[in-house]
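What follows is the residue order along each chain.
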Amino acid sequence: MSNKLVLVLNSGSSSLKFALIDAETGAASLTGLGECFGLADARISWKLNGEKHETQLPGLDDHHQKAIDVIVGIVNEMQVEDRLVAVGHRVVHGGERFAKSVRIDQDVINGINEIQDLAPLHNPANLMGIHAAMAAFPALPQFAVFDTAFHQTMPPKAFTGAIATELYEKYGIRRYGFHGTSHYYVSREAAKMLNKPVDESNFISVHLGNGASVCAIHNGQSVDTSMGFTPLAGLMMGTRCGDLDPGIIEFLMKKGWSQDEIFNTLNKKSGFLGVSGVSSDARGVLEAMEQGHEGAKLAFDVFTYRVAKYIASYLVALDSLDAVIFTGGIGENSLPIRREILKNLKLLGFVEDEKGNEDARFGAAGQIAKSEMLGAVALVIPTNEELVIAQDCVNLM
Ligand code: ADP
């Protein structure tokens, strides 16, 4: 264990994920999750030295602070206070102001506050985590790492919506993109795997988890990505619809649907869940499909077809391609989904390496296909957003 431990916090409206990361080795000596905040069932669980623990959080409010108090207790028991050098916060939206990770001060807090309306569910929750951690660790520097920051290099042709520029000027409506930390990490790892300088490489990174996005990365910089003004855009996801004809919203409103009903459906009842009628979880959908469930098969087909369409379309953003990179829970583990996406890309010359595809699962990286035509490979690289956050903190110090 090195002398540079960073407590990484990912604070949601009703949850708090945390990890104690060694910024040099990437080892996580402690990982945990607080959940059901605001409910009587609020609790926090964690894994320390391979052992699982859980405790209830009392009361009905202030659960972010109560969870952080529990984390302080654990860190004290681990006797690592002297090696804990920083707290790193994942912040969902940095707008146009934050194109890089920053040390948190009052000015940064004000900045995150000011762009709250861009991420009304996420940024206030992130701020709750920041305030609780600043109270608990007053002597430690705190840093914010933004999900949108990596995509701030997108050119105007990629981030501008085909709408009146007034909407951009007045409200900041444009493509921001998310999952930046993950796309950043896997592109750096891919360059290492291929023995190429990252600033002379071209990748299409495909993050497939509960949320999903594709990113075109030219010379190490994001030049286009499929999530947009919000994380609802782009690919089909666990419960989100992805790209959708905006005319559907008007149609449903005329049918008497309220704004809440429409957006609840598009955010929480669509994607794998909506199409399959079985589950938002890819594993549940794959199991049902194997048993002959037609909705599950349709969800599988729609999902894999859309991912392939995005990959093919992102060739437009690049001069050449070194690798398509699969990551996220589905991208790192699901052999049949990766296989189907590659099959859909046959016109680009991708030929699966079946053994490679079988081996690159459950935490193992590897090459799973090759296209002689493009001179490119397909890789699987497990993402590690916590490590990027920890390293950013240490680098900024
Ligand atoms: P999040 O976006 O919440 O971080 P993850 O990256 O953990 O999510 O991805 C969750 C998704 O990964 C779920 O749909 C889950 O079913 C899928 N997944 C995890 N393991 C497997 C597996 N072995 N096979 C297929 N899908 C898997």
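Residues numbered from 1 in each chain as written. Predicted model: local features only at pLDDT ≥ 70, side-chain atom pairs only at ≥ 80, totals over all residues. Heavy atoms only, no water.

The name given to the protein in an unreviewed UniProt entry is Acetate kinase, with Vibrio stylophorae as the source organism. According to the UniProt record, the Pathway (unreviewed entry) comment for the protein is "Metabolic intermediate biosynthesis; acetyl-CoA biosynthesis; acetyl-CoA from acetate: step 1/2." (UniProt positions renumbered as here; feature names shortened; annotations may be inferred.)

(A) View of the overall build of the protein. Scanning the protein from terminus to terminus reveals 15 helices and 15 strands. When its C-alpha atoms are laid out on the principal axes, the protein stretches across 55 × 55 × 50 Å. Sorting the 397 residues of the protein into buried and exposed places 49% on the buried side. Considering only contacts within the protein whose residues lie at least 6 apart along the sequence, 61% involve residues at least 24 apart. Carbon and sulfur atoms make up 52% of the accessible area of the protein, which amounts to about 18,500 Å² in all. Each charge class in the protein was averaged separately, 34 positive and 47 negative side chains, and the resulting centres sit 4 Å apart. (Helix = DSSP H or I, 4+ residues; strand = E, 2+ residues; numbered from the N terminus. Buried < 20%, exposed > 50% of the residue type's maximum accessible area, 1.4 Å probe, protein only. Contact = heavy atoms within 4.5 Å. Areas by Shrake-Rupley, 256 points an atom, 1.4 Å probe, with all protein chains shown as cover. Lys, Arg positive; Asp, Glu negative; His and termini not counted. Charge placed at Lys NZ, Arg CZ, Asp CG, Glu CD.)

(B) Here's a closer look at the packing of helix 11 (residues 294-313) against helix 13 (residues 335-344). Interhelical geometry of helix 11 versus helix 13 gives an angle of 50° and a closest axis separation of 8 Å. Considered as vectors, helix 11 and helix 13 are oriented oblique to each other. Helix-helix and strand crossings are classified by hand; for helix 11 and helix 13 the assignment is right-handed. Across from Phe300, Phe303, Thr304, Tyr305, Val307, Ala308 and Ile311 in helix 11, the residues of helix 13 making contact are Pro336, Ile337, Glu340, Ile341 and Asn344. (Axes fitted to C-alpha atoms, helices over the stretch in contact; angles between N-to-C directions. Parallel < 35°, antiparallel > 145°, perpendicular 65-115°, else oblique. Left-handed = near helix turned anticlockwise from the far one by under 90°.)

(C) Representation of the UniProt feature "site: Transition state stabilizer" (unreviewed entry) in the protein within the structure. Summarizing the sequence annotation, UniProt attributes the feature "site: Transition state stabilizer" (unreviewed entry) to His179 and Arg240 in the numbering used throughout. Considering the arrangement of structural elements, one finds His179 in the loop between helix 5 (165-171) and helix 6 (180-193). Setting aside anything within four residues of it in sequence, one finds His179 in contact with Asp147, His151, His207, Gly211, Ala212, Ser213 and Met227. Within the secondary structure layout, Arg240 lies in the loop between strand 11 (221-225) and helix 7 (247-254). A distance of 3.4 Å separates a polar side-chain atom of Arg240 from the backbone oxygen of Pro231. (Polar contact = N/O pair within 3.5 Å; in protein donor to acceptor, adjacent residues only side chain to side chain.)

(D) Focus on a nonpolar patch on the surface. A contiguous nonpolar patch, built from Ile163, Leu167 and Tyr171 and spanning about 280 Å² of accessible area, is present on the exposed surface. Looking at the element boundaries, Tyr171 is found in helix 5. (Patch = residues over 30% accessible without salt bridge, like charges linked within 9 Å, V, L, I, M, F, W, Y side chains within 5 Å. Salt bridge = Lys/Arg side-chain N within 4 Å of Asp/Glu carboxyl O.)

(E) Structural view of the sheet that holds strand 13 (residues 350-352). Ordered by their spatial adjacency, seven strands build an open sheet running 11-10-9-12-15-14-13, and the pairing between neighbours is mixed. The sheet is open, and its two borders are formed by strand 11 and strand 13, each paired with just one other strand. This sheet shows a mean twist of 25° between the axes of neighbouring strands, independent of strand direction. Sheet analysis places strand 14 (residues 366-371) next to strand 15 (residues 376-380), joined by five bridges and oriented antiparallel. Paired with Lys370 across the two strands is Val377, which belongs to strand 15. (Pairing = 2+ DSSP bridges.)

(F) Summary view of the site of the ligand. Inspection of the region around the ligand gives 13 residues, with Asn210, Asp281, Ala282, Arg283 and Gly329 positioned closest. In this structure, Asn210 approaches the ligand through a side-chain N or O atom, which is 2.9 Å from an oxygen atom. In the model, a nitrogen atom of the ligand is placed 3.5 Å from a nitrogen or oxygen of the Asn333 side chain. Burial of the ligand by the protein chains amounts to 72% of its free accessible area of 580 Å². Looking at the shell around the ligand, the elements with two or more residues in it are helix 10 (282-290) and helix 12 (328-333). Element by element, the count of residues in the shell around the ligand is highest for helix 12, at four residues. Among the residues forming the shell around the ligand, the class breakdown is four nonpolar, seven polar and two charged. (Near = heavy atom within 4 Å. Nonpolar A, V, L, I, M, F, W, Y, C, P; charged D, E, K, R; others polar.)

(G) Inspection of the UniProt feature "active site" (unreviewed entry) in the protein at higher detail. According to UniProt, the feature "active site" (unreviewed entry) maps to Asp147 in the numbering used here. Relative to the elements of secondary structure, Asp147 occurs in the loop between strand 8 (142-146) and helix 4 (156-159). When sequence neighbours within four positions are dropped, the list of residues in contact with Asp147 reads Arg90, Val91, Val92, Gly177, Phe178, His179, Gly180 and Thr181.

(H) Up close: the environment of Phe98. Along the chain, Phe98 turns up in the loop between strand 6 (84-91) and strand 7 (102-103). Distance from Phe98 to Ala149, taken between C-alpha atoms, is 6.1 Å for residues 51 residues apart in sequence. Here Phe98 is in contact with Val108, Gly111, Ile112, Ile115, Phe146, Ala149 and Gln152, once residues within four sequence places are set aside.

(I) Looking closely at the environment of Lys4. Residue position: Lys4 is located in the segment before strand 1 (5-11). The exposure class assigned to Lys4 is partly exposed, which follows from its relative accessible area of 33%. When the C-alpha positions of Lys4 and Arg83 are compared, they lie 5.7 Å apart, and in sequence the two are 79 residues distant. Beyond its immediate sequence surroundings of up to four residues, Lys4 is in contact with Ile21, Asp22, Ala23, Glu24, Arg83, Val85 and Val394.

(J) Representation of the nonpolar core. Among the nonpolar cores identified, the biggest contains 44 residues, and Val206, Leu208, Phe272, Phe326, Ile337, Ile341 and Phe350 are the most heavily contacted of them. If you tally residues by element for this core, the top one is helix 11, at eight residues. In contact with Phe326, other than residues within four places in its own chain, are Val206, Leu208, Gly331, Arg338, Ile341, Leu342, Ile368, Ala378, Leu379, Val380 and Ile381. (Core = buried A, V, L, I, M, F, W, Y, C linked by side-chain atoms within 4.5 Å.)

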